[in-house]
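Close look at the chain arrangement
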Amino acid sequence: KGLFKDLKEGFSYAIKSPQISLLLVSLAVLSFVGMSYPIMMPIFAAEVLHRGAETLGILMSAAGIGALLASLLLAYKQTVRGLAKILTFSMLVASLSFFFMGFSDGMITAFCLMFGVGFGMVMFLISSNTLIQAIVDDDKRGRIMSLHAIAFAGTFSLSNMLVGVIAQEYGISNTFKIVGFVLFVSFVYFGNK
């Protein structure tokens, strides 16, 4: 009974705050669409680059290096000032990186674009987390961070199957283009809010 009451209070609080609800919805969209890239990469390495596990490891490392750089850059930020712009910028970087992966057929290009995917995704995730923590009331923080966790982890697990079906139906390159396009539309929508 207490759990459901807390959840209800958290939802109610998030809905009444346009900033928080916008951050949660944009996170859910990014996670649902973009966090499926680890599922896509083995297919990309095999079918587009015609290479195996070593290439897959290099491409995933590129995303990891991008993610690490994004983390380090944000670690030096002293205040939340400017984080909203960083949020929209990071979504743009992620969307364009995904989209152009759909046209990539070379190792160097794919490496650079996967760096962009990792950089954009992690910069968005850290920025959204920080912004929510900064604007939420202290007594509601636990409830809102639970919703944040649901928006993040509860969405990309659902998208893996969908991405697999799209990749099987339309090919992995077109799947990257579709993901990039959806993220770009999200960037335009959320960037104007």
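Let me begin by describing the structure that accompanies this report. All values reported here derive from a predicted model rather than from experimental measurement. (Residues numbered from 1 in each chain as written. Predicted model: local features only at pLDDT ≥ 70, side-chain atom pairs only at ≥ 80, totals over all residues. Heavy atoms only, no water.)

Below, the discussion takes up the environment of alanine 70. Relative to the assigned elements, alanine 70 resides in helix H4 (residues 53–75). Each C-alpha atom of the pair alanine 70 and serine 90 lies 9.4 Å from the other, and the pair is 20 residues apart in sequence. Look past the residues within four positions of alanine 70 in its chain and what remains in contact with it is Phe119, Val122 and Met123. (Helix = DSSP H or I, 4+ residues; strand = E, 2+ residues; numbered from the N terminus. Contact = heavy atoms within 4.5 Å.)

Once that is clear, we can look at unusual backbone geometry. Even without being a glycine, histidine 50 presents a positive backbone phi close to 55 degrees. Structurally, histidine 50 is set in the loop between helix H3 (37–47) and H4. For histidine 50, a relative accessible area of 63% gives the class exposed. (Buried < 20%, exposed > 50% of the residue type's maximum accessible area, 1.4 Å probe, protein only.)

On the surface, a nonpolar cluster with roughly 440 Å² of combined accessible area is contributed by Leu96, Phe100, Phe103, Phe184 and Val188. Of all the elements in the fold, those that place two or more residues in the nonpolar patch are helix H5 (83–101) and helix H8 (172–191). Mapped onto the elements of the fold, leucine 96 is located in helix H5. (Patch = residues over 30% accessible without salt bridge, like charges linked within 9 Å, V, L, I, M, F, W, Y side chains within 5 Å. Areas by Shrake-Rupley, 256 points an atom, 1.4 Å probe, with all protein chains shown as cover. Salt bridge = Lys/Arg side-chain N within 4 Å of Asp/Glu carboxyl O.)

With that settled, the discussion passes to H8. Taking 1.5 Å of rise per residue, 20 residues should cover 28 Å, and H8 covers 28 Å from first to last C-alpha, within 8% of that figure. Every buried residue belonging to H8 is among Ile172, Thr175, Phe176, Val179, Gly180, Leu183, Ser186, Phe187 and Phe190, and all of these are buried. Axial view of H8: buried residues confined to an arc of 130 degrees, hence all on one face. (Expected span 1.5 Å × (residues − 1). Arc of directions from axis to C-beta.)

Membership of the largest hydrophobic core comes to 53 residues, with the highest contact counts inside it found for Phe44 and Met114. Looking at this core, the elements that each hand over two or more residues are helix H1 (2–16), helix H2 (18–34), H3, H4, H5, helix H6 (107–135), helix H7 (141–170) and H8. When neighbours within four sequence positions are excluded, methionine 114 is seen to be in contact with Tyr37, Met41, Leu59, Ala62, Ala63 and Met101. (Core = buried A, V, L, I, M, F, W, Y, C linked by side-chain atoms within 4.5 Å.)

With that settled, consider the pattern of salt bridges. This structure, assessed with the given rule, holds two salt bridges. Two residues, aspartate 138 and arginine 141, come together in a salt bridge whose shortest N-O distance is 2.9 Å. Since its relative accessible area comes to 24%, arginine 141 is described here as partly exposed.

Time to look at the packing of H3 against H8. Where H3 meets H8, the axes come as close as 9 Å, and the angle between the chain directions of the two elements is 135 degrees. Relative to H8, the element H3 lies oblique. Note on element contacts: H8 touches H3 through Ile172, Thr175, Phe176 and Val179, opposite Met40, Met41, Ile43, Phe44 and Glu47. Partitioning the contact of H3 with H8 into residue classes produces seven nonpolar, one polar and one charged. (Axes fitted to C-alpha atoms, helices over the stretch in contact; angles between N-to-C directions. Parallel < 35°, antiparallel > 145°, perpendicular 65-115°, else oblique. Nonpolar A, V, L, I, M, F, W, Y, C, P; charged D, E, K, R; others polar.)

A few words on the packing of aromatic side chains. Evaluated as defined, the whole model comprises nine aromatic pairs. Taken together, a centroid distance of 6.4 Å and an interplanar angle of 65 degrees make the contact between tyrosine 37 and phenylalanine 98 edge-to-face. Linking tyrosine 37 in helix H3 with phenylalanine 98 in helix H5, this pair joins segments that are 61 residues apart in sequence. Assessed through its relative accessible area of 12%, tyrosine 37 is described here as buried. Owing to a relative accessible area of 0%, phenylalanine 98 belongs among the buried residues under this scheme. (Phe/Tyr/Trp six-rings, centres within 6.5 Å; stacked < 30°, edge-to-face > 60°.)

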